[in-house]
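# Commentary on secondary and tertiary structure
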Amino acid sequence: MGEYALLYILFAPFAGALALIFISNRQPLLVRSVAASAAFVSLLASLYLFYAYDPVKGGFQFVQKYEWSKQLGISLHLGVDGIGTPLVLASSILLFAGIFVSWHIKDRAKEFYIWLLILAAATIGVFMSLDLFFLYFFYEMSVIPMYLLLGMWGSHTKKYLEMNDSEGLKLRDSVGFILNFGSNSKEYAAMKLVLFLSTFAVAALMGILLIYKFSGLNTFDILVLREQANLMNIPVLGTTLDKIIWVLVFFGFASIAPLWPLHSWSPVGHAAAPAATSMLHAGVLMKLGHFSIIRVAFEILPETTREMMPIAAVLCMFSIVYGGFVAFYAKDTKYVIGYSSSSHMGYVFLGMAALNYISLSGAVIYMFAHAMATGMLFAMAGWVYDQTHTRDIPSLGGLSNKMPFISVCFVIGCMASIGMPGTVNFIAEIMIIVGSWDKYPLQVIVAMLGIVLTLAYLFKMMRGLFYGPMNQKYSHAHDAISAVDRLPLLIMISISIGFGIFPMHLYDVVRSGVDPLVARITRVVPVAQTYEGSGVRSEVIIPGTTSTVPVVASKLLPLPSQVSRGEGE
Amino acid sequence: MTFSLNLAFSDLLLLLPEIFLTCWLCVVLIVDFSFPRVPQERLAYLSVAGLVVTLGCLAWLDMNHVSGTLFGNMFVLDRMAIFFKIVILGATILVILASIEYVNRFTLFRGEYYCLVVMSALGMMFMVSANDLLSVFVSLEFATLGFYVLVSYLRDDLASNEGGLKFFILGVLAAGLLAYGISLVYGETGKLVFSDMASAQPTPGLIIGFLLIFAALGFKVGAVPFHSWIPDTYHGAPTPVTTFLSIAPKAAAFAILLRIFLVALGTFKPLWVVLLVAVSILSMTYANIVAIAQRNIKRLLAYSGIAQVGNVLIGLAAGTKMGNDAILFYLLAYLFANIGAFAVVIAVSQAIGTDEIEDYRGLSRRSPFLAFAMLLFLLSLAGVPPLAGFIGKLYIFVAAIKEGLYTLIVVGLINIVISMYYYLIVVKQMYINEPIDPSPIAISGPMKTVIYVGLAGTLVIGIYPQPFTDWVVSATLMFANFVGPSVTIIPPGASLGG
């Protein structure tokens, strides 16, 4: 496979979906095995990709380029750097796990797997796109499968507006309430998700079109645009064009992340979605936002990013605190995990905002770590829901008697989510906190508070679900016994702990992607160090003089933008 | 190959497709008269055979780059005309195939139905070749004549008669406006052929004349201030006729609009850009908002069609060669998605007898194929990747942003989101709601063919558009002379990406 690894990862799920169209729903085993094998091919190829990616060489590797439309200047340009590689891996792990988590789906299983595969393939496509058009193409393509997955296999979110605190007072999610119109149906959740994401996606598209026009290069290729597009200092509407583009792109993609004021679609969507969809949704779909911001705003508008990123630093505090408090008071398991995800995504924004080698690497590793942790939690929330048909935490309890395996996994999942040492989340959190301290001490203190909050609400949920007196109504619930049910959890746990104990390769890979990017933005050459004191430092060179990308290296031109660029901080 | 103005026998080569189709039309008519017992399916296949031969003939003309003008520049055959003729004939073939089952609903004159459809197609073939105002008028009325009858073909159905009457009255009004506009333009310039008008001065009479012509063509395409006949007519007409009406006349009228705006009025661009921007914004916004309230799928698709016209007008407002390419491409994408969507509507209404969106409940359980096809067609209309409609919209936006039409693009993008809402309402009925009557729906063979063609077109254009973009780019090459270069200045040494 070698150089074509990206094509295998991307097209195996599509091929699986295509094959499933021709298989009858009357052969459930065949349907599942086709879906699972498509995901398995993708998983194998992305494991290969992850370990074959050369962090010493850095830059974009496994590049594939096919002309797609001459007139519009679009090519199917795929490639991964140190930021995309772990996220591709996370997506294919979660897809593979998600297929096993939804192994027992009876109703229209074929269609379910088709849409799940398309959803995962589209997200994988975003993580490897080096062309603005295809980035948007796959981004928007991932939205519609969400609608059908939520609408057809989701469940209603009854308890949404009725969150009581400990004294029995009614609480409401204010932003969610304003935009909720009082509906708790899954149709509502699905429609809200699609319209919300599409609205912001078209804002991002507008930004992309503006980049296309004002670069004047007739191309959507990110690698060409980042070297040659000169978008600075064009006055528009009392400000400059680059700021307008940056705001469009940042908020357009931040909606899926979800950054605080734009988050309200997300918990409703999580709660309504079936388990496997929630896993993909929280695990990788939300990372599309951060990733696309890094890929578009950071790469093409580095100076503007340095100027504007404090916006994210302010908003991420609200994300962390707000999400944490709502999660603390929510009574629906999926709400707790959903809000915890949107709170945890605030850390990623903090890591991105600090624009520092350590913190940005931390943010990328956090995305990977969070995918595993939240994937586990959603898988188990789905299991508990399948067994008890409720997600109402107060009515549950004592389930550890019935499902010891699940409760052990749940404890591990909570530990990972909190960031216990030994899990990869710990490494990520500590990097974000250490890296951001110099620049944003207030935010770091808030993030610490967020960790305490995470501890509080996850322990509260854990106690509510698995310990304490058991409701006899649920005495028929049983544990995950078969290998098929245990496999996804074991995969995610082993990845989470495995990388927690041996993070070196992950760290090297991420650093090799982050370093040139931060160097572009701040133009300060760091001395990169891995835990072993060896690694990527030789590859960090002042951008503009050379490129880590062989594809465009021969066509580099010195541009005024590089002359006008400020000399660091 | 070019041709002299004196009509030589070889000049008739340019007219060959039309001549052949006229003869074939007579054959179909004679067969219908002489053998009244021939089942109508046979007549349908007979008409399709003739249309396919005509299509082949056009493809041959296109491949050999045959072009030229006839009758003192009244009739032009260039690659754009051939493109539009192929689109129109393709639509006609698909509509006839989709009609076969439906025609049994007509109590009388089943055979003549096909003759009328082919006759309208013939008229539209002349429309796209019209190169002066007189032939525009004649061919436009010729094409519409058939539709007046077709729309009210369900003789005993009140809605059909109402739709026919509305269409007729407003159509005749449009014809009057067109004639008046032509007379004003002729009076001001003394010219009828488009390319001769390029040097005209913008006198008030000329401007009013062109505004009247634009209004008349606006009726044909259904742009917003002139759209009032569309919902009722689309609703009342037999569904195959609605299908035909929603594609072919729009495409033909856009061919005329392209020639008028870019050839005749190329020098007045700053004037008409404002007009087109206004009409486009109105069409998209009004139609998309009103479509949300529709309960009938045919009305929903009628409003969606108005909104699509607004999108096409963005490309026209760009007024560049790239804008034209985008229009042609968009119409191609729209052809497949729209015919497909209407074919599903016909198939469903054959089975359950209504066109209410409510009655699409649980379609995915009753017929997974129909529901999936409808899903893809609606998403293509909404502009969701990887379907043809997305590429079409993007092509138009790219063409427009190169001309700096930011407002228009912002409105267009917002409208994508609005339209997504009402398309998803249909998707919700089909996929999420459970059916009341879970009996499966049977689909006839020809109908399946139409839907498969629609699906293939929607997916292939969306996933691999390069051959189609190449086609539209070469089809509008003759506009490169009339349209100025794009304002985008490409920095030296940056000739990347073509």
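Residues numbered from 1 in each chain as written. Chains lettered and ligands numbered in written order. Predicted model: local features only at pLDDT ≥ 70, side-chain atom pairs only at ≥ 80, totals over all residues. Heavy atoms only, no water.

### Some words on the overall build of chain A
Cut-off, in case you're wondering: Secondary structure elements follow DSSP: runs of H or I no shorter than four residues count as helices, runs of E no shorter than two count as strands, and numbering proceeds from the N terminus. The rule is simple: take the accessible area with a 1.4 Å probe, protein chains only, and divide by the maximum for that residue type; under 20% is buried, over 50% is exposed, in between is partly exposed. Only heavy atoms enter the contact rule, under which two residues are in contact if any of them lie within 4.5 Å.
If you tally the helices and strands in chain A, you get 24 helices and six strands. Looking at chain A as a whole, 68% of its 569 residues are labelled buried. Relative to all contacts within chain A whose residues are 6 or more apart in sequence, the contacts with residues 24 or more apart total 80%.

### A word on the pairing of strand E1 (residues 61–69) of chain A
Residues and elements named next belong to chain A. Let me state the cut-off plainly: Two strands are said to pair when DSSP picks up at least two bridges between them.
As paired strands, E1 and strand E2 (residues 74–80) are joined by six bridges and run antiparallel to one another. Looking across to E2, one finds that tyrosine 66 is bridged to leucine 76. Hairpin geometry of E1 and E2 is characterised by an intervening segment of four residues between the two adjacent antiparallel strands and by a positive phi of about 70° at glycine 73.

### Quick notes on the environment of Ser444(B)
Structurally, Ser444(B) is set in the loop between helix H16 (406–432) and helix H17 (445–463). Once the C-alpha coordinates of Ser444(B) and Ala347(B) are considered, the two residues, 97 residues apart in sequence, prove to be 8.1 Å apart.

### Overview of the packing of aromatic side chains
Here is the rule we go by: Here a Phe, Tyr or Trp ring, Trp counted by its six-membered ring, pairs with any other such ring whose centre lies within 6.5 Å, and the pair is stacked when the planes are under 30 degrees apart, edge-to-face when over 60, and tilted otherwise. Two conditions define a charge located above a ring, namely a distance within 6 Å from the ring centre to NZ of Lys or CZ of Arg, and an angle within 35 degrees of the ring normal.
Overall, the coordinates contain 59 aromatic pairs over all chains when judged by the stated rule. Residues Tyr113(B) and Tyr114(B) carry aromatic rings whose centres are separated by 5.3 Å and whose planes lie at 80° to one another, so their mutual orientation is edge-to-face. For the pair Tyr113(B) and Tyr114(B), one class covers both residues: buried. Each residue in the set Trp68(A), Phe133(A), Phe134(A), Tyr136(A), Phe137(A), Phe138(A), Tyr212(A), Phe220(A) and Phe390(B) is aromatic and connected to the rest through ring pairs, giving one cluster. Cation over ring: Lys213(A) sits above Phe214(A), and NZ or CZ is 5.7 Å from the ring centre. Here the basic side chain of Lys460(A) rests over the ring of Phe328(A), its NZ or CZ set 4.5 Å away from the ring centre.

### Quick word on the confidence of the model for chain A
All names here are of chain A. Note the following rule: pLDDT is defined as a per-residue confidence score from the predictor, taking values between 0 and 100.
Within chain A, residue pLDDT values average 81, and 87% of them lie at 70 or more. Segment residues 173–179: pLDDT under 50, and 19 contacts once partners within four positions in sequence are set aside and those in other chains are kept. Predicted confidence is poor over residues 524–569, with pLDDT under 50, and the contacts of this stretch with residues over four places away or in other chains come to 82 contacts.

### Side note on the interface of chain A and chain B
Test applied: Here the quantity called buried area is the accessible surface, traced with a 1.4 Å probe, that two parts lose on coming together, added over both. Salt bridges, as used here, are contacts in which a Lys or Arg side-chain nitrogen is within 4 Å of a carboxyl oxygen on Asp or Glu.
At the junction of the two partners, chain A supplies 44 residues and chain B supplies 52 residues. Of the roughly 4,300 Å² buried at the junction of chain A and chain B (both faces included), carbon and sulfur atoms supply 73%. The three residues of chain A that bury the most area against chain B are Trp68(A), Gln71(A) and Lys213(A), which together make up 15% of that side's buried surface. Counting every contact that joins chain A to chain B gives one salt bridge.

### Examining the packing of helix H4 (residues 109–128) of chain A against helix H6 (residues 143–153) of chain A
All names here are of chain A. Where we set the bar: Angles here are taken between N-to-C directions and fall from 0 to 180 degrees, while the axes themselves are lines fitted to C-alpha atoms, restricted in helices to the stretch in contact. In these notes the angle categories are as follows: under 35 degrees is roughly parallel, over 145 is roughly antiparallel, 65 to 115 is roughly perpendicular, and the rest is oblique. By definition, any crossing whose near helix is turned counterclockwise from its far helix by less than a right angle is left-handed, and any crossing with a clockwise turn is right-handed. Each residue receives one of three labels: charged for Asp, Glu, Lys and Arg, nonpolar for Ala, Val, Leu, Ile, Met, Phe, Trp, Tyr, Cys and Pro, and polar for the others, Gly being one of them.
The contact between H4 and H6 brings their axes to 9 Å, and the two run at 150°. It follows that H4 is roughly antiparallel to H6 by the angle criterion. Here H4 runs over H6; the crossing is left-handed. Of H6, the residues touching H4 (which contributes Glu111, Phe112, Trp115, Leu116, Ile118 and Leu119) are Pro145, Met146, Leu148, Leu149 and Trp153. A breakdown of the residues in the contact of H4 with H6 according to their chemical character gives ten nonpolar, no polar and one charged.

### Overview of the packing of helix H3 (residues 84–101) of chain A against helix H12 (residues 275–285) of chain A
Residue and element names in this part refer to chain A. Close contact between H3 and H12 brings their axes to 8 Å; oriented N to C, the two are set at 165°. Overall, the two elements H3 and H12 adopt an arrangement that is roughly antiparallel. For the pair H3 and H12, the crossing hand works out as right-handed. Together, Ala90, Ser91, Leu94, Leu95, Ala97, Gly98 and Val101 of H3 and Ala275, Ala276, Met279, Leu280, Gly283 and Val284 of H12 make up the contact between the two elements.

### Notes on the environment of Ala297(A)
All names here are of chain A. Along the chain, alanine 297 turns up in helix H13 (residues 287–300). Through-space distance from the C-alpha of alanine 297 to that of threonine 388 is 45 Å; in sequence the pair is 91 residues apart. Those residues in contact with alanine 297, other than ones at most four positions away along the chain, are Trp246, Val249, Ser292, Pro302 and Thr305.

### What to know about the pairing of E2(A)
Buried residues dominate E2(A), accounting for seven of its seven residues. Of the two faces of E2(A), the one carrying Ile74(A), Leu76(A), Leu78(A) and Val80(A) and the one carrying Ser75(A), His77(A) and Gly79(A) are both buried.

### Here we look at the environment of Gly319(B)
All names here are of chain B. Assignment of secondary structure puts glycine 319 in the loop between helix H11 (297–318) and helix H12 (321–352). Judged by its relative accessible area of 5%, glycine 319 falls in the buried class. For the pair glycine 319 and tryptophan 272, spaced 47 residues apart in sequence, the C-alpha to C-alpha distance is 9.6 Å.

### A look at unusual backbone geometry
For the bond running from Ala257(A) to Pro258(A), omega is -15°, close enough to zero to count as cis. For Pro258(A), the position within the fold is in the loop between helix H10 (241–254) and helix H11 (265–272). The omega torsion of the bond from Pro385(B) to Pro386(B) falls at 5°, within 30 degrees of zero and hence cis. Tracing the chain through its elements places Pro386(B) in the loop between helix H14 (368–382) and helix H15 (388–402). Look at Phe62(A): it is not a glycine, yet its phi comes out positive at around 55°.

### Some details on a nonpolar patch on the surface
The test is simple: Only residues above 30% relative accessible area that lack a salt bridge enter a patch, with like-charged residues linked at up to 9 Å and the nonpolar side chains Val, Leu, Ile, Met, Phe, Trp and Tyr linked at up to 5 Å. Calculation of accessible area relied on Shrake-Rupley with a 1.4 Å probe; when residues are assessed, cover is drawn exclusively from the protein chains displayed.
Taken together, the side chains of Tyr4(A), Tyr8(A), Val41(A) and Tyr66(A) make up a nonpolar region of the molecular surface, amounting to roughly 360 Å² of accessible area. Examined against the element boundaries, Tyr8(A) turns out to sit in helix H1 (residues 5–21).

### With respect to the nonpolar core
Which entries qualify depends on this criterion: The nonpolar core is taken to be a set of buried Ala, Val, Leu, Ile, Met, Phe, Trp, Tyr and Cys residues, with the residues joined through side-chain atoms within 4.5 Å.
If you look at the biggest cluster of nonpolar residues, it comprises 425 residues, and the most contacted ones within it are Ile99(A), Phe133(A), Phe298(A), Phe349(A), Met352(A), Phe84(B) and Met430(B). Top contributing element to this core by residue count: H12(B), with 22 residues. Sequence-distant contacts of Phe133(A), that is, excluding residues within four places in its chain, are made with Trp68(A), Ile74(A), Phe220(A), Phe390(B), Ile391(B) and Leu394(B).

### Some thoughts on the pattern of salt bridges
Going through the model one piece at a time under the given rule, you end up with 19 salt bridges over all chains. The partner of Asp107(A) in a salt bridge is Arg108(A), and the shortest N-O contact between them spans 3.6 Å. With a shortest N-O distance of 2.4 Å, Asp232(B) and Lys166(B) are connected by a salt bridge. Within this pair, whereas Asp232(B) is found in helix H8 (residues 230–236), its partner Lys166(B) is found in helix H6 (residues 158–189), the two being separated by 66 residues in sequence. Given a relative accessible area of 30%, Lys166(B) falls into the partly exposed group. A single salt-bridge network, built from bridges that share partners, covers Asp81(A), Arg226(A), Glu227(A), Arg295(A) and Glu299(A).

### Concerning H15(B)
Residues and elements named next belong to chain B. This is how it is decided: In this scheme, a helix's expected span is set at 1.5 Å multiplied by one less than its residue total.
The terminal C-alpha atoms of H15 lie 21 Å apart, and with 15 residues this matches the ideal 21 Å at 1.5 Å per residue to within 8%. Taken across its 15 residues, H15 has 15 buried, putting it largely inside the fold. At the C-terminal side of H15, glycine 404 shows a positive phi close to 75°.

### Some remarks on the confidence of the model for chain B
The predicted structure's coordinates, where accompanied by low pLDDT, should not be read in detail. Looking at chain B, the pLDDT average stands at 87 and 95% of residues meet or exceed 70. Throughout residues 484–498 of chain B the model reports pLDDT below 50, and contacts reaching past four residues in sequence, or to other chains, amount to 28 contacts.

### Focus on the side chain of Thr242(B)
Residues and elements named next belong to chain B. This is how it is decided: We call two N or O atoms a polar contact when they sit within 3.5 Å, provided that within protein one can donate a hydrogen and the other can accept it, with sequence-adjacent residues counted only if both atoms are side-chain atoms.
Along the chain, the position of threonine 242 falls in helix H9 (residues 239–264). With relative accessibility at 0%, the residue threonine 242 sits in the buried group. A polar contact of 3.5 Å, which involves the side chain of threonine 242, links it to the backbone oxygen of alanine 237. When near neighbours in sequence (up to four residues on either side) are disregarded, threonine 242 contacts Tyr234, Ala237, Lys298 and Phe342.

### Focus on H11(B)
Residues and elements named next belong to chain B. With 22 residues, H11 ought to run about 32 Å at 1.5 Å a step, and its terminal C-alpha atoms sit 32 Å apart, in line with that. Of all 22 residues making up H11, 22 are buried, and the element is well covered by its neighbours. If you check the start of H11, you find a side-chain oxygen 2.7 Å away from the backbone N of lysine 298, and it comes from asparagine 296. Looking one or two places after H11, you find glycine 319, whose phi comes out positive at around 65°.

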